[in-house]
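Architecture and fold: a report
Given next are the chains, with one letter for each unit.
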Amino acid sequence: MKANSKSKISRRSLLKSGVAATTAAAAGTLGAPMIWAQSNIVLRQSGTGVSAFNEIAAKAKEDLGITMEMTALDSDSVVQKVATQPKSFDIADIEYWMCKKVWPIGNLQAMDTSKIANYDKIVGIFKNGKLTPTSTIAQGTAPHTVSFVEGANGKSFSSEETGWMTMIPTIYNADTLGIRPDLINRPINTWAELLNPEFKGKASILDISSIGIMDMAMVCEAMGEIQYGDKGNMTKEEIDKTIGIFTEAKKAGQFRAFWKSFDESVNLMASGEVVIQSMWSPAITAVRSKGIPCVYQPLKEGYRSWGGGLGIAAHLSGKELDAAYEYINWYLSGWVGGFLMRQGYYSAAVETSKEYMSADEWSYWFEGKAAKGDIVNPQGVKMESAGAVRDGGSFYDRMGSVACWNAVMDENQYMVRKWNEFIAS
Amino acid sequence: MAVLQKNISSILLASPVILVLSAFIIVPIILITAVSFWGSTEFSIYPAFLFDNYEFLLTSDVTYRVFFRTLYFAVLVWAITLVLGFTVAYYLAFFVHSLTWQIICFLLCTIPFWTSNIIRMISWIPFLGRNGLANQSLIEMGIVDEPVEWLLYSEFSVCLAFVHLYTLFMVVPIFNTMMRIDKSLIEAARDAGASSTQILVNVIIPLCKPGIMIGSIFVVALVMGDFITVRFMSGSQIANMGRLISNDISLLQYPSACATAVVLLATVVIMISIMLRFVDIRKEL
């Protein structure tokens, strides 16, 4: 019986992907007309769930006439797909640490920044690493370190702007711990609270090794247990010690569960199974939209930050390639930025989003000022009432206190092994 | 000549099965075994003949702990589903007298299987949660003051989901063998003065052995190979062999995943062949 239902599902999905493949192939061979609206250009975008919204695909169809097929996967699966199935996607919507991992494989092509209309408006974080001329660069895989390559066929990363980008940056944010203030009832101000025995059986951490290890490092450093040389590039001893501390906590029953996908984190928090956990911004808005209090708690040690962008598959050429550039230019031109900023992210060309947001939305999300009216999420559901202030304050307050970026380490394979043992222990 | 022709026709008749089996079982297993000796870097795998994967697997104490955890779940779930499944089948076969009602009751057992097994499993999560229905009822009835934590994301919830998902695989074959028992055998035993317990132990159970064994093979193989139930119902707090494999695959470590799969496969095959020692299924069917 089980085998039966399984084979049905796989047959159906096989059929589906088969249909998708044929439409894509048809578009590739038959898409002759010059105007996108009259062609059947189909681009397949694979990425993490953070920005795979049907609303964006629908708007792209409306504005550009390009059909976007969005596939949302968890971080590991996206890396796997980009690394091992180069023909299975046209646009990769991935994070910069993933870029560091997959770029050397050669399944993505460098992008000519002279074709990017809003290139000048992209914030400094992605170009020279500096948010403002005076800011210091945080630890980890800072996006600008893997943003540029030497020329169109460059394999190694360049430390300065070359005119050829690995990915065009789209969104980024500063992550911290999410808490349920109604169930904790006291101020939380340090990462160390994640392992506080007070929250035994009510804490959670994400089971994505490359991000989870950074959250762990923030906690261990805040506890004063480990002083890291560079949290984004740990030594074997540092990895052992970090994982050791968390394995002990796990055995003592500190964690209720680990989560891997975005909705799992929402459910854990909304149901009250967990009161403190590593969390992502849209998960916070999702919990709040249910009328449940949830705070994206700024912590004194600073944020763990991440940035994402769009990369173009190496196999794209001709019309599809032009359409991909068109899509990416459109992505930076403001509407998507406004949409994603209502989700709690920031747009790479942040000023272009301003005209697609109301003055109140802009001052709430970007400037960190009190809302004058209701704040709604991207789907139009009311999230905050007048007077609410964004957790962590303004763009410059939040992005200015980044302690480290999501990273891939030199000892990555060792870390992954250790992480596996932590999960299995 | 006639004998030869007969041979050829029987080979031809068997060939579809041979083709299907070799394409979908034998070739994949050979591939998995071959890849388990390959080497891997972070993103790529390359052909080689290395024992690294096995060495890492067999020298890590995490592997052994996970392995015994897998066996532990298999034995526990097998024992519970056996008792439950046998009882249900016994009731259906000997206490429900009309065939129509037997069919109706049997269909009732299968109704939950009309939905996907993942949905059946996940629906336990809100029920068992800290603020779920089970805890609310317990608190309202005054049985406990604080929510019971071990109901969800624990060994208990994993076992519960397994039992829920797989008991039917025990019920069906046992029920099937029970229906074939000649009722006159039971009458004869009763006439000879046997008590109900004696009839159960000396007549029914021995005659049900093939059904019990088939059900056991289903349950043991399913539990040993599972990874998604353990992941969801334990909130990723418990690992079994399947999760080791899925973790490896998600991190592109295919050779190491293959090595784990080969070890798991060998264990399951050994367990099943031991089980088959007790009953000659072919003869009994």
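Re the overall build of chain B
Assigned secondary structure in chain B consists of 14 helices and 2 strands. Within chain B, the fraction of its 285 residues that count as buried is 41%. Accessible surface, chain B as shown: approximately 15700 Å² in total, 73% of it carbon and sulfur. The centroid of the 14 positive side-chain charges in chain B is displaced by 11 Å from the centroid of its 16 negative side-chain charges.

Observations regarding the interface of chain B and chain A
At the interface, 36 residues of chain B touch 36 residues of chain A. Between chain B and chain A, roughly 3100 Å² of surface is buried when both sides are summed, and carbon and sulfur atoms account for 51% of that area. One can count 3 salt bridges joining chain B with chain A. A salt bridge links Asp-207 of chain A to Arg-243 of chain B, with the shortest nitrogen-to-oxygen separation between them at 3.6 Å. Our enumeration of links across chain B and chain A arrives at 11 residue pairs in polar contact (both at pLDDT 80 or more). Elements that contribute at least two residues to the side of chain B that touches chain A include exactly α3 (61-94), α8 (155-180), α11 (228-233) and α12 (241-250) of chain B. Per-element tally for the side of chain B that touches chain A: the top contributor is α12 of chain B, with 6 residues. Grouping the amino acids of the side of chain B that touches chain A by side-chain chemistry returns 17 nonpolar, 12 polar and 7 charged.

Brief notes about the packing of aromatic side chains
For any pair of aromatic rings, geometry is given as the distance between the ring centres together with the angle between the planes. Residue and element names in this part refer to chain A. In this structure the tally under the stated criterion is 40 aromatic pairs over all chains. Judged by centre distance (6.3 Å) and plane angle (70°), the rings of Tyr-172 and Phe-395 are edge-to-face. Of this pair, Tyr-172 sits in strand β9 (residues 168-175) while Phe-395 is found in helix α13 (residues 395-400), placing the two residues 223 residues apart along the sequence. Overall, the relative accessible area of 0% leaves Tyr-172 in the buried class. Judged by its relative accessible area of 1%, Phe-395 is buried. On the basis of an interplanar angle of 20° and a centroid distance of 5.4 Å, the ring pair of Trp-335 and Phe-339 is categorised as stacked. Highlighted residues: Trp-335 and Phe-339, both in helix α11 (residues 335-341), separated by 4 residues, approximately one helical turn.

Some details on the environment of Cys-109 of chain B
All names here are of chain B. Relative to the helices and strands, Cys-109 is located in helix α4 (residues 99-110). For the pair formed by Cys-109 and Leu-168, sequence separation is 59 residues and the distance between their alpha carbons is 7.3 Å. The contact partners of Cys-109, leaving out residues within four places of it in the chain, are Val-88 and Leu-168.

Focus on the state of the cysteines
Tallied over the full model, the rule gives 0 disulfides over all chains. Free cysteine Cys-404 of chain A: the closest other cysteine sulfur is in Cys-220 of chain A, separated by 12 Å.

Examining helix α13 (residues 254-278) of chain B
Compared with an ideal rise of 1.5 Å per residue, which puts 25 residues at 36 Å, α13 of chain B spans 36 Å between its outermost C-alpha atoms and is within 8% of the ideal. For α13 of chain B, every residue scored as buried is listed here: Pro-255, Ala-257, Cys-258, Ala-259, Thr-260, Leu-264, Thr-267, Val-268, Ile-272 and Met-275 of chain B.

Examining the domain arrangement of chain A
All names here are of chain A. Split into domains, chain A comes out as domain 1 (36-174 + 305-355) and domain 2 (177-301 + 394-424). Once you take the C-alpha centre of each, domain 1 and domain 2 turn out to be 26 Å apart. Domain 1 puts 28 residues into the contact, and the matching count from domain 2 is 27 residues. Where domain 1 packs against domain 2, one counts 0 salt bridges. Linking domain 1 with domain 2 are 12 residue pairs in polar contact (both at pLDDT 80 or more). Secondary structure elements with two or more residues in the side of domain 1 that touches domain 2: α3 (75-84), α4 (96-102), β9 and β15 (303-313). Looking at side-chain class alone, the side of domain 1 that touches domain 2 contains 13 nonpolar, 10 polar and 5 charged residues.

Quick word on unusual backbone geometry
Look at Asn-185 of chain A: it is not a glycine, yet its phi comes out positive at around 60°. Judged by its relative accessible area of 64%, Asn-185 of chain A is exposed. Phi is positive for Tyr-153 of chain B, close to 55°, though the residue is something other than glycine. Its place among the elements puts Tyr-153 of chain B in the loop between α7 (133-140) and α8.

Conventions adopted
- Residues numbered from 1 in each chain as written.
- Chains lettered and ligands numbered in written order.
- Predicted model: local features only at pLDDT ≥ 70, side-chain atom pairs only at ≥ 80, totals over all residues.
- Heavy atoms only, no water.
- Helix = DSSP H or I, 4+ residues; strand = E, 2+ residues; numbered from the N terminus.
- Buried < 20%, exposed > 50% of the residue type's maximum accessible area, 1.4 Å probe, protein only.
- Areas by Shrake-Rupley, 256 points an atom, 1.4 Å probe, with all protein chains shown as cover.
- Lys, Arg positive; Asp, Glu negative; His and termini not counted.
- Charge placed at Lys NZ, Arg CZ, Asp CG, Glu CD.
- Contact = heavy atoms within 4.5 Å.
- Buried area = accessible area lost by both parts, 1.4 Å probe.
- Salt bridge = Lys/Arg side-chain N within 4 Å of Asp/Glu carboxyl O.
- Polar contact = N/O pair within 3.5 Å; in protein donor to acceptor, adjacent residues only side chain to side chain.
- Nonpolar A, V, L, I, M, F, W, Y, C, P; charged D, E, K, R; others polar.
- Phe/Tyr/Trp six-rings, centres within 6.5 Å; stacked < 30°, edge-to-face > 60°.
- Disulfide = S-S within 2.5 Å.
- Expected span 1.5 Å × (residues − 1).
- Domains from an automatic or database assignment.

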